[in-house]
Amino acid sequence: MLGYLTKRLISLTLSLAVASLVIFAVVEIAPGDPAAYMLGINAQPDTLAALRSELGLDQPKAQRYLSWVTGMLTGDFGTSYTYRAPVAQMIAERLWISLPLALYALALAALIAFPAGILAAARRGRPADLAVMAGTQLGVAIPNFWFAMLLVLLFAIKLRVMPSGGFPGWDEPLDALKSLTLPAVALALPQAAILARILRSSLIDALGEDYIRTARAKGLTRWQALRRHGLRNALIPVLTILGLQFSFLLAGAIIIEQVFYLPGLGRLIFQAISQRDLIVVESVVMLLVFAVIVVNFLTDLAYAAVDPRLRR
Amino acid sequence: MTPASSGLKYRGGSGGQRPPAGRPGAAGAKPILTIEDLTLHIYDTEILKPISLHINAGEILALVGESGSGKSMTALATMGLLPSGSQTTGRIHLVDKDLLALNEAQLCQIRGGRIGMIFQEPMTALNPLHTIGAQIAEVIRIHDPQADAQAQTVQALHKVGLDVPPHRYPHELSGGQRQRVVIAMAIACGPELLIADEPTTALDVTTQAQILDLLKDLVREEGMALLMITHDLAVVSQMADRIAVMKQGGIVESADTETLFATMKHPYTRALFDATRHRADLPETPASQPLLRVEGVTRSYPLPRPHPFAKRPHFTAVNDVSFTLNEGERLGLVGESGCGKSTLTRAILGLDPIQSGEITLDGVPVTHPDSRRHMQVVFQDPYGSFNPRHRVSRLITEPFHLLPDPPKGAECDRAIDQALIDVGLKPEDKHRHIHAFSGGQRQRLAIARALIIRPRLILFDEAVSALDVRVRAQILDLMAELAREYRLTWLFISHDLSVVRGITDRVLVMQNGRIVEDGPTEQVFDHPRHPYTAQLIAAAPHLPETTDVA
């Protein structure tokens, strides 16, 4: 197990190093001078030069890469070109919305998907299975922004039990949670549908295995055999999907953020790209890459926890 | 019951002391399982005709038959684990309980508690995610929540002779060890009836002999009744008290083992018996040139590093192997699983690189494209080795792409027709898809595919291992016929000694990556020189010898 952990950690560090290099290089190659963009087309050459040196754009590339990386390691992400504010602080503010939202949505998705997937697999071919399959088909097919609008119409406008958008801040935890609920539901629905389908098919495969027959021959009921022997064996593909979904939810919620007026990471990166705020783009992308790699690392650990054959 | 005929020399089993198979309740014997007029339909298909059988305490009943004869379904009906859509009539009594009348909850108490079951495939019968101890303890706790499951688990492991700590996972054990774990689970609660469905079919001969001994001892010591299901008469001839032969859902003959082998009243029993010990009639081979030369071949695999900075360990699967196969010779290669025979086969086919040594076919290295068209292979699995979407005509002409100038049009059609006729099929069959053929027919097609470019060497890799005995005998005869007609040279790779004996002139015995014995087949089998060969031959199950071959 220790060897496995070391191997995964080494691969995690290497991935991060390679990712930071690639991100830096790509942003460098992208056309457009941030200093010129910030000052507008009528800027004087000497002001431009002054700004370039202030932003550190006149230094050699290797040095800029190094100072960017070491800065990030100490929590200093640099200063936004457009807002003139520390990037770290901007990201932190947004992360306080996006991270809870992603976790909330993921928890909801799992909460819906597990019972639905298990029920469908256990009642394969019967009405319950058909209902779950039809429901998940719908869940995958409906665009989440449209579903989000329906939720607003029903719960915010008609019933007036939920806020229609905005975020009050975490000073009022209950209100904050309330304002994240509709977006989380909208995000969770398609994810839950995908997850339920994966779980169902993976569980049906597991239930066809010889060890389930062995379990039944030992005197376990159908349900006991499913719970004790089928479920854990069916988890590996489900964990893979869960890991991918988390990474997606963290930054991919941009449309939902737009619908609910949530100042999340998705909106931040969208604005930064349109304003050519390269340092923000770099940092947010790096943060997302970091999140994906860490989640993959955690998924690998989860695999090993589930399956003893992988612990080497 | 007719007494044993004078022509029988019966070996093994319990000899003649046991009373002949009586009716249920016959003097002194206590019937554990009694099946009366059991029929089974799955949807509208008749699976079992009315069958009746019984097993007494401490007795072994073998249910023998080919695939699809209904023997496994009889076991599943007894366990109450039939697939959905099954309908049964008749009675299955476990001592005093009518199993067909029980509900699911009551059946759960019977399964694992009063009836234990052992399956064919030990590699997949255990849950890979739980320790073996946990899996044995589970069956104990389910039937008695108050039991000291841990102590009983250790006891069960001890009983099956497995000296492995209970916190091991299945993937850390060999096939034979895993089968012992499965047996430990089956007997952990002290069942009255044990059902073993092909318990040794997936195991090597030496492991098979050990597992059969274990089962025999358990039955005698614990006084259990054992229902042993198998396709192999030889396996049960030495351990069963009685044998029931099944064919197409019915029992065609049932008698105690000695009587059954002596009389073989039903022609089907006789056919099974003859097919089991069938030997093909190979034509003589005149001395000739060497064709395949394997010289000092070593093949090793890199293994995963134990820790990230360790040197990569290697496993030597084939270790300095040398032999020569002459033109027209039929050579066998036998050995147990993991001995390196598959690795060697892949190396000969030029599919895997070798680390040292040389393999040449008529002087040309086998990795050279020119060698490819002189070598063809027939694999074990008649179901997996054909693309299901292509018609036979396309399937068997696949090797044509190896030829510089493949036949086209009418010439190609003639080649297809001839290839099909050669293997006993009809030219019309070329328009059909593979799913329309039985296992034996598919293996004929595989041979047709191999023969169509008239290769100089054919490799048969466990080519008849997946077939029923009667079909196997037909395929072996076909091979002998083709050898006579086309003077074939082949390398026949198998774990099954009796088959190799019937289809080769010379045999190589492989152990741990090395060839330990090489000699004419009859000589090796009758007078093995290497102790490992002797051990293999002694472990292989054999039929009782009869002199009256009717």
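Residues numbered from 1 in each chain as written. Chains lettered and ligands numbered in written order. Predicted model: local features only at pLDDT ≥ 70, side-chain atom pairs only at ≥ 80, totals over all residues. Heavy atoms only, no water.

S.K.: Tell me about the overall build of chain B, and name the residues and values.
M.R.: From N to C terminus, chain B includes 19 helices and 22 strands. Taken against the 2.2 N^0.38 rule, which gives 24 Å for 550 residues, the C-alpha radius of gyration of chain B at 26 Å falls within 12% of a compact globule. When the backbone C-alpha atoms are referred to their principal axes, chain B occupies close to 75 × 65 × 50 Å. Across the 550 residues of chain B, 52% fall into the buried class. Contacts in chain B between residues at least 24 apart in sequence constitute 71% of all its contacts with a sequence separation of at least 6. Split by element, the accessible area of chain B, about 23,600 Å² in all, is 49% carbon and sulfur. One finds the centroid of the 55 positive side-chain charges in chain B at a distance of 3 Å from the centroid of its 63 negative side-chain charges. (Helix = DSSP H or I, 4+ residues; strand = E, 2+ residues; numbered from the N terminus. Rg over C-alpha atoms; globule rule 2.2 N^0.38 Å. Buried < 20%, exposed > 50% of the residue type's maximum accessible area, 1.4 Å probe, protein only. Contact = heavy atoms within 4.5 Å. Areas by Shrake-Rupley, 256 points an atom, 1.4 Å probe, with all protein chains shown as cover. Lys, Arg positive; Asp, Glu negative; His and termini not counted. Charge placed at Lys NZ, Arg CZ, Asp CG, Glu CD.)

S.K.: Give a description of the nonpolar core that names residues and reports values.
M.R.: In this structure, Trp68, Ile91, Leu265, Val280 and Val284 of chain A are the most contacted members of the largest nonpolar core, which totals 84 residues. Contact partners of leucine 265 of chain A, with chain neighbours within four places excluded, come to Ile91, Arg94, Leu95, Ser98, Leu250, Glu257, Val284, Leu287 and Leu288 of chain A. Ranked by size, the runner-up nonpolar core spans 58 residues in total, among them Ala62, Val235, Val245 and Phe273 of chain B. (Core = buried A, V, L, I, M, F, W, Y, C linked by side-chain atoms within 4.5 Å.)

S.K.: Any details on the environment of glutamate 192 of chain B? Residues and values, ideally.
M.R.: All names here are of chain B. Tracing the chain through its elements places glutamate 192 in the loop between helix H6 (175-187) and strand S8 (193-197). Look at glutamate 192 and you get partly exposed, because its relative accessible area is 23%. Sequence separation of glutamate 192 and arginine 178 is 14 residues, and the distance between their C-alpha atoms is 22 Å. Dropping the residues within four chain positions of it, glutamate 192 is found in contact with Ile32, Val95, Arg114, Met224 and Ala225. One polar contact links glutamate 192 to arginine 114, side chain to side chain, over a distance of 2.6 Å. (Polar contact = N/O pair within 3.5 Å; in protein donor to acceptor, adjacent residues only side chain to side chain.)

S.K.: How would you sum up the interface of chain B and chain A? Please name residues and give values.
M.R.: Opposite the 28 residues of chain B that make contact, chain A presents 25 residues. At the boundary of chain B with chain A, total buried surface from both sides reaches about 2,400 Å², with 61% on carbon and sulfur atoms. Sorting the residues of chain B by area buried against chain A places Phe119, Leu129 and Glu138 of chain B first, and these three jointly supply 25% of that buried surface. The interface formed by chain B and chain A includes three salt bridges. The shortest N-O distance in the salt bridge between arginine 216 of chain A and glutamate 104 of chain B comes to 3.3 Å. Applying the counting rule to chain B against chain A returns 14 residue pairs in polar contact (both at pLDDT 80 or more). Within the residue set of the side of chain B that touches chain A, elements represented by two or more residues are helix H2 (104-110), strand S7 (115-118), helix H3 (122-125) and helix H4 (132-143) of chain B. For the side of chain B that touches chain A, the element with the most residues is H4 of chain B, which contributes five residues. (Buried area = accessible area lost by both parts, 1.4 Å probe. Salt bridge = Lys/Arg side-chain N within 4 Å of Asp/Glu carboxyl O.)

S.K.: Lay out the domain arrangement of chain A with the relevant residues and their values.
M.R.: Residue and element names in this part refer to chain A. For chain A, the assigned domains are domain 1 (2-73) and domain 2 (87-310). For domain 1 and domain 2, the distance between their C-alpha centres works out to 32 Å. Counting from both sides, the interface comprises 18 residues of domain 1 and, opposite them, 18 residues of domain 2. Regarding the contact of domain 1 and domain 2, the summed buried area is about 1,700 Å², with carbon and sulfur atoms giving 77% of it. The closest approach of N and O atoms between aspartate 300 and arginine 8, which form a salt bridge, is 2.8 Å. Counting the contacts that link domain 1 with domain 2 gives two residue pairs in polar contact (both at pLDDT 80 or more). Take the side of domain 1 that touches domain 2: its biggest share by element is twelve residues, from helix H1 (residues 2-29). Grouping the amino acids of the side of domain 1 that touches domain 2 by side-chain chemistry returns 14 nonpolar, three polar and one charged. (Domains from an automatic or database assignment. Nonpolar A, V, L, I, M, F, W, Y, C, P; charged D, E, K, R; others polar.)

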